[in-house]
Amino acid sequence: MFTICRPTVGQEAMYNGWKRQHKVKYQCVVLPNFLIGDWFGPAAGRAHDSQVLADSNLVARLQGMRGRLDVELCVYGDPAYPVHDVLLRAPKGRMTNAMEAYATLMSHYRESVEWVFGKMGELWPFVTDVRRKTTRSRATSKEDCVAALLTNYHTCRYGGVANRYFDTLPPSMSEYRAMYHLHLDNQNMQ
């Protein structure tokens, strides 16, 4: 979520009552190598996370990917997300000791999403500069998307805190470019 200037039109949709600020939301899937594997948004600041998930069509895309690759595939998501065959979250309600241990372990992986947003803000201050974040006057969502892509390139070149924390290596720049171009070629064929 990025804070934006108070919009002159449609401010109710952008107001996030939990944060008590005007926001735009993004949904981000962070891969174990600390790369942004999926980026969706912007969504209105007041949109519930489960609505952003539905709008992104992530579950259907993951199910399709699992079928094409013929592998077990699952993403660990926000506690607000519903459980699906390709999307897990921390259990709700009363938990056994094993369930609590699992939730604690997995919360460390979920934190890496926040680390990515923090890294984006450090590398590209314009994504967190509220004065620049005005609706209808700038292409801030495009700037945010470019910042996400450039963050992936930076991670390939220099790594990141999650790479050290989880003892993983990002791909090289040439490997990442090859993956990205392969994805674009597949998109153009559809």
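One can find the structure itself at the top, above this paragraph.
Here's a quick rundown of the structure. Owing to the predicted nature of the structure, the values given are computational and were not obtained by experimental measurement. (Residues numbered from 1 in each chain as written. Predicted model: local features only at pLDDT ≥ 70, side-chain atom pairs only at ≥ 80, totals over all residues. Heavy atoms only, no water.)

**Describing the side chain of Asn 152**
Applied cut-off: Per the convention used, a helix needs a DSSP run of H or I reaching at least four residues, while a strand needs a run of E reaching at least two, with both numbered from the N terminus. Only protein chains enter the accessibility calculation, which uses a 1.4 Å probe. A residue is then buried if its area is under 20% of the maximum for its type, exposed if over 50%, and partly exposed in between. Only heavy atoms enter the contact rule, under which two residues are in contact if any of them lie within 4.5 Å.
Mapped onto the secondary structure, Asn 152 falls in helix α5 (residues 140-158). Using a relative accessible area of 3% as the deciding quantity, one classes Asn 152 as buried. Apart from the residues within four sequence positions on either side, Asn 152 is in contact with Leu 35, Ile 36 and Tyr 176.

**What about the pattern of salt bridges?**
Worth spelling out the cut-off: For salt bridges, the criterion is a side-chain nitrogen of Lys or Arg within 4 Å of an Asp or Glu carboxyl oxygen.
Counted under the stated rule, the structure contains three salt bridges. Residue Lys 25 pairs with Asp 49 through a salt bridge whose shortest N-O separation is 2.9 Å. You can see Lys 25 sitting in strand β3 (residues 21-30) and its partner Asp 49 sitting in helix α2 (residues 49-56), a full 24 residues away along the chain. By relative accessible area, Lys 25 is classed as buried at 9%. Residues Asp 38 and Arg 61 are paired through a salt bridge, measuring 2.7 Å at the closest nitrogen-oxygen approach. Of the two residues, Asp 38 sits in strand β4 (residues 36-44) while Arg 61 sits in helix α3 (residues 58-69), which places them 23 residues apart along the sequence.

**As for α2**
For clarity, the threshold we go by: Here, the arc refers to the directions that run from the helix axis to the C-beta atoms.
For α2, the full list of buried residues reads Val 52, Leu 53 and Ser 56. One face of α2 carries all of its buried residues, which in axial projection span an arc of 100°. Just downstream of α2 lies Asn 57, where phi reads positive at about 60°.

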